[in-house]
Amino acid sequence: MRERHVVIVGAGFSGTALAINLLRDASAPLCIHLIDREQIARGVAYARRPFPYLLNVPAGRMSASAADPDEFLRFARRRLPHASASDFLPRELYGDDLSVTLADAERGAADAVRLERLYGSVIALERPARSATRRVHLADGRAIEADEVVLALGNPPPADLAATAALEGSARYVADPWATPPQLRSGETVLILGSGLTMADVVVAGAGGARGPVTFHALSRRGLLPPAQSAFVAAVSAASAAPLLRAAATSMRELMVAARELARDTEARGGDWREAIAVLRSQAPQLWQLLGDAERRRFLRHVRAYWDVHRHRLPEGNWSQLHEMRRAGALTLHAGRLVHLERAGRRVRALYRPRGAAATTALVVDRVINCTGPDYDVRRSSERLLRSLIAQGTASADALGVGLATDAHGALIGRDGRTANDVFYLGPLLRAAHWETTAVAELREYAAQLAQHLLDTPRARPLRAVMSRHVHAHAAP
Ligand SMILES: Cc1cc2nc3c(=O)[nH]c(=O)nc-3n(C[C@H](O)[C@H](O)[C@H](O)COP(=O)(O)OP(=O)(O)OC[C@H]3O[C@@H](n4cnc5c(N)ncnc54)[C@H](O)[C@@H]3O)c2cc1C
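This brings us to the nonpolar core. Counting residues in hydrophobic clusters, the biggest one holds 73 residues, and the most contacted among them are Ile8, Phe13, Leu22, Ile32, Phe72, Tyr94 and Leu151. The residues contacting isoleucine 8, other than those within four sequence positions of it, are Gly15, Leu18, Ala19, Leu22, Ile32, His33, Leu34, Ile35, Val150 and Ala152. Core analysis: the second largest hydrophobic core is formed by 25 residues, Ala258, Leu262, Trp288 and Ala432 among them.

The next point concerns the environment of tryptophan 435. In this fold, tryptophan 435 is placed in the loop between α10 (431-434) and α11 (440-456). Put simply, tryptophan 435 and leucine 287 are 148 residues apart on the chain and 8.9 Å apart in space, counted from C-alpha to C-alpha. The residues touching tryptophan 435, leaving out its near neighbours within four places in the chain, are Trp288, Phe299, Leu300, Arg304, Trp307, Val402 and Leu430.

The subject of this paragraph is the side chain of threonine 198. One can find threonine 198 in helix α4 (residues 197-209). Once you skip the residues sitting within four places of it in the chain, threonine 198 turns out to touch Pro177, Trp178 and Cys371.

On any regular strand, side chains alternate: one points to one face of the sheet, the next to the other face. For strand β5 (residues 134-138), a buried count of five out of five residues is recorded, marking the element as mostly surrounded by other parts of the structure. Burial along β5 is two-sided: the face carrying Arg134, Val136 and Leu138 and the face carrying Arg135 and His137 are both buried. With four bridges joining them, β5 and strand β6 (residues 143-146) adopt antiparallel strand pairing. Paired with arginine 135 across the two strands is glutamate 145, which belongs to β6. A loop of four residues connects β5 with β6, the two strands running antiparallel in sequence, and glycine 141 in this loop sits at a positive phi of about 100°.

Moving on, we get to the site of the ligand. Residues in contact with the ligand amount to 31 residues; listed here are only the nearest, Ser14, Asp36, Tyr46, Asn56 and Thr438. Separating an oxygen atom of the ligand from a side-chain N or O atom of asparagine 155 is a distance of 3.0 Å. Taking threonine 438, its main chain carries an N or O atom lying 2.8 Å from an oxygen atom of the ligand. When the ligand sits alone it has 990 Å² of accessible area, and the protein chains cover 93% of it.

Cut-offs and rules
Residues numbered from 1 in each chain as written. Predicted model: local features only at pLDDT ≥ 70, side-chain atom pairs only at ≥ 80, totals over all residues. Heavy atoms only, no water. Core = buried A, V, L, I, M, F, W, Y, C linked by side-chain atoms within 4.5 Å. Buried < 20%, exposed > 50% of the residue type's maximum accessible area, 1.4 Å probe, protein only. Contact = heavy atoms within 4.5 Å. Helix = DSSP H or I, 4+ residues; strand = E, 2+ residues; numbered from the N terminus. Pairing = 2+ DSSP bridges. Near = heavy atom within 4 Å. Polar contact = N/O pair within 3.5 Å; in protein donor to acceptor, adjacent residues only side chain to side chain. Areas by Shrake-Rupley, 256 points an atom, 1.4 Å probe, with all protein chains shown as cover.

Keep in mind these values describe shape, not function.
This is how it looks when you write it as structure tokens:
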């Protein structure tokens, strides 16, 4: 039987989890090419970094496999014997676990199933004339023939903000703190754009790494800080989900009423409002599909900011630190909209319009960091591969500009509405079809489903040699 070639572009959590599933479940001849331009089995979230960032989710809910929910905790206890399911452990440790789990899956795979790790940047996919396979092009000239390609490209960088244009290219402006981690100096005043989880990471790491006091200002439309995680137990039942599903079939407004009622009832029973968020998350794909475009637009305009702030929560320790900093005047939250940044000698003047005010207010700071979070509108993407696929018509944005248009299995839907049966997407841009697709809890399910789909649909393709120009694994950078 001819060996099948599946190319996975991106080896963060999503690409790695897919590879692990394929290695575990495949038996027919299969070569999985797992490609990343940086590290394998880490991605942006679980990369090795100088600061020990913590997971935002307790260890007991971070397993890469829903079928084995304690897998990460078992791994963590080999290094930290007292770790418990409710602990917020270092993100780097999670990357270590993913690497080990991938290596274990590779060792345990059937004889005919193999994994190739490659380092490099994928820039384009091409279907040569009369070819049944796709050619995957890397920036350094290598190419791989693939029966199926899975794009696991991760979270897009934050949006380019028109208001920051005057500071573009300046060391005083950090456009993406994960791509260019800011080095803060003692005595600096820093303006953070955004007040969500990235802001929290940057403030906690900046305060810890500056060897002296740093003063932070965080500016966002509503000036809301994420709440703390808690040790609640997520219990999702058909009874708790049913009213939400009924409401979503009517309107966004009804869904809001039902969600508030669920949170109130939960608290009235002595529970935690976070349980209601867990129920909503578990039903998110169905709710999103029931809403339809017009009601989804209402959600995006009026509800999304409140959903995000309740849905994305902070480890208790980070939350307490931020509140302590606010009390001490080291962190100030501002609700408003950035109007523009301008140079003020060696510093930066930020003009913003406070929420509800007509006049602007100025803040003079040493540095500005864009922590507004991923820009999911792929029509604005600067990612070379995505731009090329969109230009080709193979990939397209969804109608609301919140992700990529995909079918139920994650296959790309092109400009002409046709589904590519051999190019799939896995990761946060699935939100266009399912809404909640950012965290491990959801992505592991999609990774398992896509692996199953690929293995259940063998390629009925003409036998042809798999040509691979100069394909070889480079040493890890
Ligand atoms: C800082 C941060 C912390 C987070 N913490 C948590 C958490 O504690 N718990 C949780 O559940 N979720 C967390 N998340 C959510 C996160 O989205 C998922 O957990 C998960 O890491 C997403 O994985 P991914 O593989 O889809 O994306 P990524 O991790 O971004 O991986 C994508 C990979 O693709 C590679 N790549 C992209 N384009 C190309 C290309 N053209 N060629 C080659 N390689 C390419 C990149 O180098 C990258 O390694 C966090 C996210 C971030 C950003």
